[in-house]
Amino acid sequence: MHLIDSKAALLTTSYMLLLQASRRAIAPAAFSTCAPLHNYLSRSTSSSSSPIASAASGPVKKYPPTTSLFVSPQSAAASSSNQTSSSSPSFSTMASSNTSDDASSQQYPIAMTEAERYLFDLNGYIIIRNVLTPDQIAAAHAAIDAHLSDAIPRSDPTLRNAVEGSPMYGSGPPRLDLGGIFEWGSAESEVFKSILAHPRLVPLFHGLLGKGYRLDHIPFVLMNNKGGEGFQLHGGTVDCVSGNYNHNLAYTCHNGSIRSSLLGCNVMLVDHNPGDGGFCVVPGSHKSNFKMPEGMVDGINFSEFIQQPATKAGDVVLFSEGTVHGAMGWTSDIQRRCALYRFAPATCGYGRSYFSADGVGGATASSCSWPSKFYDDLNDAQRAVLEPPYANRLDRPNICEDGSVEITQRSDRKRQHDKEVFKTKYF
């Protein structure tokens, strides 16, 4: 009996030591809405772990930090076991613990997991935890601080995104939009450009958009001061206001293969705690067949079906634009900051920003390119994501599992025949 009690005590002690070792000890941090934000490194811990943390880890591959596709490894503090808030809906996934015998390399999943596929298909969005490191978050804030004077307020009544008096409106201050995040130079734009082919996100981009995925909109930073306006609900494969089918935002899943015609990618740069406001979503609405009941798009009626996921700085929310979403009015004393991207499959194009007036800087010598500064300091994988829409079989660069890029091609004879027939390289 004493032997059993001793073993139990030993197991309990071991468990407590492991538990203590897994907790991150990050000092509380905050900033005012008017002060520079580059010292904000909050990655507050949570009281419970995600129920799918182990299921979402999937196969992993080590990548040396010198590989051009990948960002530098997380610091020791940030690479310990990840946790998610118990107050957040369990519609999220997290990378597995990145501890390794080789501290100079970082492990990332190389494929979208079954858990991630299920949760995205179920809800129309998913949260990927700890994509950016504290150092990268600090770099993003420093870059934003340096360009704050360029932010444009949406103060004109025709630009307001919510109905006054609704939960989406806040107390009145307009949202601030800051563009140019790919054109600030190598030091300030690096962290924002890393999202194009981030190793934690590439498997999900492939799983949701397919190989050859592409950037579709020019990314920018959204900011809200306390009381700042959100955005009434919008989107839906069946438009949530008109009830019309919207093929530009289509979501499909056939034989286990998910495709979203337009994918939102919200990179959170500050904590969004429960009740703070910001990004909100109606889970499962990407499969809805009807428009919303009156008052729901403004958060006035049926608000219990509208959820604001809790996220931390460095987390990324991926959502189908076919999932009805919006933003609640911002209530936190900390200025809201997030970087918004949209991606699309290889053959889909919603935006037209890739049509450049001068045709300078693109992957091909044509007018089909993004602004020239977008291409500065990119590696091959990041540059591949800036390709215009066309099919993979027509010499499109694809990102491989190891971070390299391969060109998918037809045979030389077929390409020669097309050139003879159409008098151009491509038909």
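The model shown is predicted, which means the values in this text are computed figures rather than measured ones.

Undergrad: Residue-level account of the packing of aromatic side chains, with values.
TA: For any two aromatic rings, the description comes down to two numbers: the centre-to-centre distance and the angle of the planes. For the structure shown, the criterion picks out 12 aromatic pairs. Residues phenylalanine 205 and tyrosine 213 carry aromatic rings whose centres are separated by 4.8 Å and whose planes lie at 45° to one another, so their mutual orientation is tilted. Of the two residues, phenylalanine 205 and tyrosine 213, both sit in the buried class. Put simply, the rings of Phe182, Phe205, Tyr213, Tyr341, Phe343, Tyr354, Trp370 and Phe374 touch in pairs and so form one group of aromatic residues. Between the NZ or CZ atom of arginine 396 and the centre of the ring of tyrosine 390, over which it lies, the distance is 4.5 Å.

Undergrad: Can you break down the nonpolar core residue by residue, with the values?
TA: Counting 54 residues, the largest nonpolar core has Phe192, Leu318, Tyr341 and Phe343 as its most contacted members. Among the elements that make up this core, the one with the highest residue count is helix 5 (residues 202–209) (5 residues). Grouped together as the second largest cluster of nonpolar side chains are 13 residues, Met168, Cys280, Met296 and Val324 included.

Undergrad: Just give me the short version of the pattern of salt bridges, but keep the residues and values in it.
TA: In total, this model carries 14 salt bridges according to the counting rule given. Close ionic contact of arginine 410 with aspartate 418 constitutes a salt bridge, the shortest N to O distance being 2.4 Å. On the basis of relative accessibility, which here comes to 11%, the residue arginine 410 falls in the buried class. When its relative accessible area of 8% is taken as the criterion, aspartate 418 is described as buried. Aspartate 412 is the partner of arginine 415 in a salt bridge, and the nearest nitrogen-oxygen pair spans 2.2 Å. Of the two residues, arginine 415 and aspartate 412 both sit in helix 7 (residues 412–422), 3 residues apart, roughly one turn of that helix. Accessibility expressed as a relative area gives 55% for aspartate 412, which makes it exposed.

Parameters at a glance
Residues numbered from 1 in each chain as written. Predicted model: local features only at pLDDT ≥ 70, side-chain atom pairs only at ≥ 80, totals over all residues. Heavy atoms only, no water. Phe/Tyr/Trp six-rings, centres within 6.5 Å; stacked < 30°, edge-to-face > 60°. Buried < 20%, exposed > 50% of the residue type's maximum accessible area, 1.4 Å probe, protein only. Lys NZ or Arg CZ within 6 Å of the ring centre and 35° of its normal. Core = buried A, V, L, I, M, F, W, Y, C linked by side-chain atoms within 4.5 Å. Helix = DSSP H or I, 4+ residues; strand = E, 2+ residues; numbered from the N terminus. Salt bridge = Lys/Arg side-chain N within 4 Å of Asp/Glu carboxyl O.

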